[in-house]
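Commentary on secondary and tertiary structure
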Amino acid sequence: MNYRHAFHAGNHADCLKHALLTALIHSLKLKPAPFAVLDTHAGTGRYALTSAEADRTGEWREGIGRIPVAQDAASPLDEYLSIVHSTGKDLYPGSPDIVARLLRPQDRLICCELHPEDFLSLRRLFRDNQQVSVHERDGYAAIRALWPVKNISRGLVLLDPPFEKPDDFSRLAEAIALSRQRLRGAIVAAWYPVKHRTPVRAFFNQLQDMGERKILTAELMLRAPTDPSRLNGSGLLIANPPWQFEKTASEITSKLAAYLGDENCTANVEWIVPE
Ligand SMILES: C[S@@+](CC[C@H](N)C(=O)[O-])C[C@H]1O[C@@H](n2cnc3c(N)ncnc32)[C@H](O)[C@@H]1O
C-alpha cells in the first residue's frame, strides 16, 4: 500500500467528491428516519495543508486553495465550504470528518481504513464519538460484513479506493452492485479517476452488463484526457441518487469548474443508465 491521501487532500478531485457527498448527506437528512454511511476507504479523516506531504505536491493549492471563502449569495458550495472552513486553520476535512459533522443523533458512520498509521489517526479523531465506528479492515470485504447497519434501513456507501491496482475499476463495479444488493435503495457514491477514457468506458459497460440501473455520473474534467499519465479529471458515480439530484450535481460541478479550471475545463452530469 503506497497511496497516502495526505499528498492529495483538498485537490480538485476531493473538492468534487466532497461537495457532492455533502449534498447527498443533505438529501438523506430530509427524512427523519435514521440513516447509516459506510465509508469503505476512509483515509485519516483530517489533513494538515501545511504538512510536508501536502507541500510536496501542492495539489490543494489548485483545488480548495482556489475557492474563495466568501461565496456570492446562496452558492451550491455553501454547506461544503462551511464544513471545510470550520475544520480549522490550514486543515482540510476528509470524507469521514465531513460525514460525521453532518450526522444527526439517530445516524451512524462506519469507516474502514487498511493503512495501519492512517487507521490510528482516524481512530484518534473519533475516539470520543459514539456515532462513528472505525475498523482496520478491507473496505470491500466490509460491505458483506458490516452493511447494512442493524435496524437502519436507509443509507449511503462511499467507495473511494486509491486506484493502485489494475483491476480497481472492475472491483469497484462489483462493490457498487453488492452494496445495492445488501440494502435496496441505498445510495452508492463511487469516485473514479479519469486519466484516459478507455477504462472509464469499460467500467460503465461492466455496470450496464451487470444490469445495474439508475446510475448518474458527475465529472469535473480539467482538460481532455489525452495524456494518461495525468489525473485529467475525475468523476463521482452515484447509484440511486436522490430525486432531481442531477440538478444539484450540475450546479455544484459548474461552480467548481468556474473556480478550478480554465477554458479547457468541463463539467458533465450524465445518466449512464436511467431508471
Ligand atoms: C483516496 S483515499 C481515501 C480518501 C477519503 N475517502 C476522503 O475522501 O477523505 C483511499 C484510502 O484507502 C485506503 N485503502 C487502500 N486499500 C484499502 C482497502 N482494501 N480497504 C480499506 N482501505 C484501503 C488507503 O490507505 C487510503 O487511505
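Provided above is the structure to which this section pertains.
How each quantity is defined
Residues numbered from 1 in each chain as written. Predicted model: local features only at pLDDT ≥ 70, side-chain atom pairs only at ≥ 80, totals over all residues. Heavy atoms only, no water. Phe/Tyr/Trp six-rings, centres within 6.5 Å; stacked < 30°, edge-to-face > 60°. Helix = DSSP H or I, 4+ residues; strand = E, 2+ residues; numbered from the N terminus. Buried < 20%, exposed > 50% of the residue type's maximum accessible area, 1.4 Å probe, protein only. Pairing = 2+ DSSP bridges. Axes fitted to C-alpha atoms, helices over the stretch in contact; angles between N-to-C directions. Salt bridge = Lys/Arg side-chain N within 4 Å of Asp/Glu carboxyl O. Expected span 1.5 Å × (residues − 1). Polar contact = N/O pair within 3.5 Å; in protein donor to acceptor, adjacent residues only side chain to side chain. Contact = heavy atoms within 4.5 Å. Near = heavy atom within 4 Å. Areas by Shrake-Rupley, 256 points an atom, 1.4 Å probe, with all protein chains shown as cover. Nonpolar A, V, L, I, M, F, W, Y, C, P; charged D, E, K, R; others polar. 1 Å grid on protein atoms, 1.4 Å probe; cavity = no way out; pocket = protein on both sides within 12 Å on 5 of 7 lines; lining within 4 Å. Points joined across faces, edges and corners; volume = space filled by probe spheres on them.

Okay, the packing of aromatic side chains next. Inspection of every chain in the model, using the stated rule, returns six aromatic pairs. With centroids separated by 6.0 Å and ring planes inclined at 75 degrees, the aromatic side chains of Phe163 and Trp191 adopt a geometry described as edge-to-face. Here the residue Phe163 occupies a position in the loop between β6 (155-159) and α7 (168-182), and Trp191 occupies one in strand β7 (residues 187-194), the gap between them amounting to 28 residues. Each member of the pair, Phe163 as well as Trp191, is classed as buried. Cluster of aromatic residues (ring-pair linked, three or more members): Phe163, Phe169, Trp191, Tyr192, Phe203 and Phe204.

Moving on, we get to the sheet that holds β6. With mixed pairing, eight strands are arranged side by side in an open sheet as β5-β4-β1-β6-β7-β9-β8-β10. Because the sheet does not close on itself, it has two edges, and the strands there are β5 (132-135) and β10 (266-273). Averaged over all pairs of adjacent strands, the angle between their axes in this sheet comes to 15 degrees, without regard to strand direction. For strand β8 (residues 215-221) and β10, the ladder comprises seven bridges, and the chain directions are antiparallel. Bridging from a neighbouring strand, Ala218 pairs with Val269 of β10.

Once that is clear, we can look at unusual backbone geometry. One can expect most non-glycine residues to show negative phi and most peptide bonds to be in trans. The step from Trp147 to Pro148 runs through a cis peptide bond, and the omega angle for that step is 0 degrees. Among the secondary structure elements, Pro148 is positioned in the loop between α6 (139-146) and β6. Positive phi, normally seen in glycine, also occurs at Asn151, with a value near 65 degrees. Examined against the element boundaries, Asn151 turns out to sit in the loop between α6 and β6. Residues other than glycine seldom take positive phi values, yet Gln244 does so here, at roughly 60 degrees. Summarising the element assignment, Gln244 is placed in the loop between β9 (233-239) and α9 (245-260).

Evaluated as defined, the whole model comprises twelve salt bridges. Across the salt bridge formed by Asp90 and Lys89, the nearest N and O atoms sit 3.5 Å from each other. The exposure class of Asp90 is partly exposed, given its relative accessible area of 34%. Across the salt bridge formed by Arg104 and Asp107, the nearest N and O atoms sit 2.8 Å from each other. Taking relative accessible area as the criterion, Arg104 reaches 15% and is therefore assigned buried. Several salt bridges converge on common partners, so that one network encompasses Arg4, Glu117 and Asp118.

Look at helix α1 (residues 12-28): 25 Å from first C-alpha to last across 17 residues, which is about the 24 Å you get at 1.5 Å a residue. Burial analysis of α1 places 16 of its 17 residues in the buried class, which makes it a mostly covered element. Put simply, Asn11 is the residue that caps the front of α1, since its side-chain oxygen is 3.1 Å from the backbone nitrogen of Ala13.

Right, let's get into the environment of Thr22. Tracing the chain through its elements places Thr22 in helix α1. Of the residues examined, Thr22 reaches a relative accessible area of 2% and is grouped as buried. C-alpha separation for the pair Thr22 and Leu102, spaced 80 residues apart in sequence, amounts to 8.0 Å. Thr22 has contacts with Glu79, Tyr80, Ile83, Ile98 and Leu102, leaving out every residue within four places of it along the chain. Separated by 2.7 Å, the side chain of Thr22 and the backbone oxygen of His18 make a polar contact.

Close contacts around the ligand come from 20 residues, with His18, Glu113, Asp138, Gly139 and Asp160 the closest. For the ligand, a nitrogen atom lies 2.8 Å from a polar atom in the backbone of His41. In the environment of the ligand, a nitrogen atom lies 2.8 Å from a nitrogen or oxygen atom belonging to the backbone of Gly139. Here the ligand has 600 Å² of accessible area as a free molecule, and 95% of this is covered by the chains. Considered class by class, the residues forming the shell around the ligand number five nonpolar, nine polar and six charged.

Quantified by volume, the second largest pocket comes out at close to 610 Å³. Lining the second largest pocket are 28 residues, with Ser27, Leu28, Leu30, Pro242 and Trp243 sitting closest to its centre. Within the residue set of the lining of the second largest pocket, elements represented by two or more residues are α1, α3 (78-86) and α9. If you tally residues by element for the lining of the second largest pocket, the top one is α1, at six residues. Here the residues of the lining of the second largest pocket sort into 13 nonpolar, nine polar and six charged.

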